[in-house]
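Chain by chain, the residues run as shown.
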Amino acid sequence: MELNDFKLSRRRFMTGVLATGAASILAPNPLIGKVWAAGEMPEQWLQSGSHFGAFEAKVVNGEWIETRPFKHDKYPCDMLNAVREIVYNPSRVRYPMVRLDWLRQREKSDRSQRGDNRFVRVSWDQALDLVYQELERVQKEAGSSGVFTGLADWQMIGKLHKAGGAMDRGLGLHGSYVTTVGDYSAAAAQVILPHVMGSLEVYEQQTSLPLVIENTNTIVLWGCDPIKNLQIEYLVPDHQPFDYWQQIKERVAQGKMRVISVDPVRSKTQNYLGCEQLALNPQTDVALMLGVAWTLYQEKLYDSAFIKDYCVGFEQFLPYLLGEHDNQPKSPEWAAKICGLSAENIRDFARLLVKGRTQFMGGWCAQRMHHGEQYPWMLVVLASMVGQIGLPGGGVGFGWHYNGGGTVTSLGPVLSGLGSISNPPAPIHAADFRGASEQIPVSRIVDCLLSPGKKVEFNGTTITYPDIKMAIYSAANPFHAQQDRNRMIEAWKKLETVVVLDHQWTASCRFADIVLPVTTRYERNDIEQFGTHSNKGLMAIRQIVKPQYEARHDFDVFTDLCKRFGRDEVYSEKRSEMEWIKAIYEEGVTQGAAIGVTMPDFDTFWNGEGYIEYPAGKPWVRHGDFRDQPDLNPLGTPSGLIEIYSKTIADFHYQDCPGHPVWMEPFERNHGGHGAEQHPLHLQSCHPDKRLHSQICSSDSFRKTYTVANREPLYISPEDAKTRGLKNGDVARVFNARGQVLAGVVISPDYAPGVVRIHEGAWYSPKEGGKSGTLCTYGDPNVLSADIGTSSLSQGPSAHTALVQVERYKGELPNVTGFGGPHEIQLTTGKEELHATA
């Protein structure tokens, strides 16, 4: 694969689903200044941004017609072809809707009807009255522990229109509520790495890629796929890392650098770089690392001085490595039997790591497995034994595939955006959690609903699950993120009321009681960083079209809700949308002046180009200050050093997470593990190449560019396909004891025998709405994943510990049910009438 796959993204816009015509792309067509409100001119190009990149939209008489990449983005991704459909697709949430039986009986409704997609359209006043009445009822009857708020997905880009911020700001004026800690992406690493390295690591800037290119001899991509994942960012991506990865590709081709991908699958990055692979068995990363560590120690290749000066606990770890207590040395021969590589391969790999400068780049998939904490911990131990942490182009990092990791951060202000209210009045209802915990680990929500009052361990504390009666989700799709869909459906019946704010009719909306339509980011004005880690500049996010149907901004929704208990002016601070944006911008002007960066006044910025590029920053080495002066720049661990052995964790006395990294067998694993007799295939459900989690899955035309037989693709090896009589384009049933899905077969030599993949984010599409155990007609992999915590330490999701079986589907193919709007019930005197809204 060539980097033309990125460079030629501009050419793709000529032939893509929503491609701009060649003439209009190539012809000079500057943004029109001064008039930016959508619909005020018969034809204009408007600048906006998304998680997929910045772009310009052609609007004719108020309608979004065409899309072209932002002129400052050299490597736009083809997902921009899907953004227009977010506004106009049939799955758009158009009106406030209430589930039929809930409207009749409120909290006493038949909750088994959730998911049957039958809703009644109501007015905004009716909808918000119902939400407020439920908030009041639950706070009075169940206290703060009865209300739960969920923000399980990414925020919308924009400093003002932060969905989670708008919700917390509003609900906090009414009372307290249960929230979550951690996220589905990196929960295990988020908890273990602060104990080991003193910080989260996963969301932080990495060593600058120019220093890697200049200094590194070997890059180890450990379950890390930056070419796929760097297409999107938490803010607006500038896609600058693709410049650096092109240079790395050139160095690999010239023999000046080696890149080794440790992954059961040939990743998009491996195919692009043309690099080497260690194709280990799934879920055996820690065993391989231990075999490498044993080799480094026995052959005296490890950096004993670094271990002595910068680490603690190696002496506690060493007896386990050598097998002094369990009579099992973690030798290459031992590791080979587990990970599937030869003992000589493992020794050669270990020896390579200390020949010159080695940069470990760790991904997140391997920590979303049972005992997932052990993988990042052991990778840090391995990097510590190599001894190059804090050197240019050496050491270890866990954010290279995220947020433009490794770009050089520019010198410019970072705006905070909508925040909490200064000196807010006391909430209407005082905090009253009734002995339950105020927070739960994000992926333990189903456990919590099924077992209120249960006590569980989490990171050294004991959590008491609250008895949740009402859940409110904003900018979130829990019916994408949570594991074991059928177990989740049963748990959802425990909730008396579910409220969802969204602009797409997801499965979470179908399993809600009240659905509130909010605007897309393309129907709002805002400002945002161009480049998350790079902070390359600041851009105006223009409103492309007026709010469609009856959609409202989240900020306006919660302002109106606060009006019902007399706090609307406190909430809004009497500022309009543009007054808020101006105030946020002027905060940046003040910041800029303090660091010597001059910014124009707001009117000049907003009415002009709407883009400011900040001065270039300097390359930076992660953990460089710590290596230079560990006494003056200690890590945030108790010792201030890298903790190979953590006394803190050891003192928790967790059987499933001891005081140093160890190999532990997951609850199911093929290639010699548990459960492979009936379900021999390991299911990967990693981040998709054509979506951001479940976002833009509802963009019908774009979805058709990658689906197979109108289903989510199932990637499978030629050997496994042949064994099952499958060919490209077939529809397969993928199943295990937890559930079953349909998916379209794609046979690929990139996949080793025993490994299959369905990307996460595929919309849940039950054949029979609301019923657990029914067939998913589109291919949601979380129908098949297990809802088991990684360990008592982090209680993270174990989505990637999942075994399945695959067979060709032989019955009559059902229609895909997950897309489009609800079944609208019009209540009339004495009867109900069913109308489809989509």
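The rules we used
- Residues numbered from 1 in each chain as written.
- Predicted model: local features only at pLDDT ≥ 70, side-chain atom pairs only at ≥ 80, totals over all residues.
- Heavy atoms only, no water.
- Helix = DSSP H or I, 4+ residues; strand = E, 2+ residues; numbered from the N terminus.
- Buried < 20%, exposed > 50% of the residue type's maximum accessible area, 1.4 Å probe, protein only.
- Lys, Arg positive; Asp, Glu negative; His and termini not counted.
- Salt bridge = Lys/Arg side-chain N within 4 Å of Asp/Glu carboxyl O.
- Polar contact = N/O pair within 3.5 Å; in protein donor to acceptor, adjacent residues only side chain to side chain.
- Core = buried A, V, L, I, M, F, W, Y, C linked by side-chain atoms within 4.5 Å.
- Contact = heavy atoms within 4.5 Å.
- Domains from an automatic or database assignment.
- Buried area = accessible area lost by both parts, 1.4 Å probe.
- Pairing = 2+ DSSP bridges.
- Axes fitted to C-alpha atoms, helices over the stretch in contact; angles between N-to-C directions.
- pLDDT = per-residue confidence, 0-100.

Comments concerning the side chain of R567
Phase 1 of the analysis: Looking at the element boundaries, R567 is found in the loop between α23 (554-563) and α24 (568-572).
Phase 2 of the analysis: Buried charged residue R567 carries no salt bridge. Nearest counter-charge: D568, at 8.4 Å.
Phase 3 of the analysis: Only 3.4 Å separates the side chain of R567 from the backbone oxygen of L173, close enough to count as a polar contact.
Phase 4 of the analysis: At 3.1 Å, the side chain of R567 and the backbone oxygen of A426 are in polar contact.

Comments concerning the nonpolar core
Phase 1 of the analysis: In terms of nonpolar packing, the biggest core is built from 158 residues, with W222 and I642 touching the most fellow members.
Phase 2 of the analysis: Excluding its chain neighbours within four sequence positions, the residues that come into contact with W222 are V262, D285, L288, M289, F349, M361, G362, G363, Y375, L379 and L382.
Phase 3 of the analysis: Grouped together as the second largest cluster of nonpolar side chains are 50 residues, L135, I584, V597 and Y614 included.

Side note on the environment of V131
Phase 1 of the analysis: By the element assignment, V131 lies in helix α6 (residues 124-142).
Phase 2 of the analysis: Taking relative accessible area as the criterion, V131 reaches 5% and is therefore assigned buried.
Phase 3 of the analysis: Through-space distance from the C-alpha of V131 to that of I642 is 49 Å; in sequence the pair is 511 residues apart.
Phase 4 of the analysis: Sequence-distant contacts of V131, that is, excluding residues within four places in its chain, are made with M470, V499, I514, L516 and L561.

A word on the domain arrangement of the chain
By a widespread convention, an interface's size corresponds to the accessible area lost as its parts come together.
Phase 1 of the analysis: With domains assigned, the chain is organised as domain 1 (44-87), domain 2 (97-183 + 430-537 + 547-613), domain 3 (206-408) and domain 4 (681-808).
Phase 2 of the analysis: Taking only C-alpha atoms into account, the centre of domain 3 sits 28 Å from that of domain 4.
Phase 3 of the analysis: When the area that domain 3 buries against domain 4 is broken down by residue, the three leading residues are V265, R368 and E373, summing to 31%.
Phase 4 of the analysis: Counting across the domain 3 and domain 4 interface gives two salt bridges.
Phase 5 of the analysis: Of the charged contacts in the structure, one is a salt bridge between K268 and D689, with a shortest N-O distance of 3.0 Å.
Phase 6 of the analysis: Connecting domain 3 to domain 4 are 13 residue pairs in polar contact (both at pLDDT 80 or more).

Some points on the sheet that holds strand β21 (residues 537-541)
Phase 1 of the analysis: Spatial ordering of the open sheet is given by β20-β21-β22, a layout of three strands whose pairing is antiparallel. Two strands bound the open sheet, and with one partner strand each, they are β20 (526-530) and β22 (611-613). In this sheet, adjacent strand axes meet at a mean angle of 20 degrees when their direction is disregarded.
Phase 2 of the analysis: Along the sheet face, helix α25 (residues 577-594) touches β20, β21 and β22 and points at about 35 degrees away from the line of β20.

Quick look at the side chain of E136
Phase 1 of the analysis: You can see E136 is positioned in helix α6.
Phase 2 of the analysis: E136 has contacts with H174, I428 and H429, leaving out every residue within four places of it along the chain.

Thoughts on the confidence of the model for the chain
Phase 1 of the analysis: On average, residues of the chain score 93 in pLDDT, and 94% of them reach the 70 mark or higher.
Phase 2 of the analysis: Every residue in residues 1-37 scores below 50 in pLDDT, and together they form 95 contacts with partners more than four places removed in sequence or on other chains.

Brief notes about the pairing of strand β17 (residues 470-474)
Phase 1 of the analysis: Counting buried residues along β17, five of its five residues qualify, which places the element largely inside the surrounding structure.
Phase 2 of the analysis: Neither face of β17 is open: one carries M470, I472 and S474, the other A471 and Y473, and all of them are buried.
Phase 3 of the analysis: Pairing between strand β6 (residues 147-150) and β17: four bridges, direction parallel. If you follow V147 over to β17, its bridge partner there is M470.

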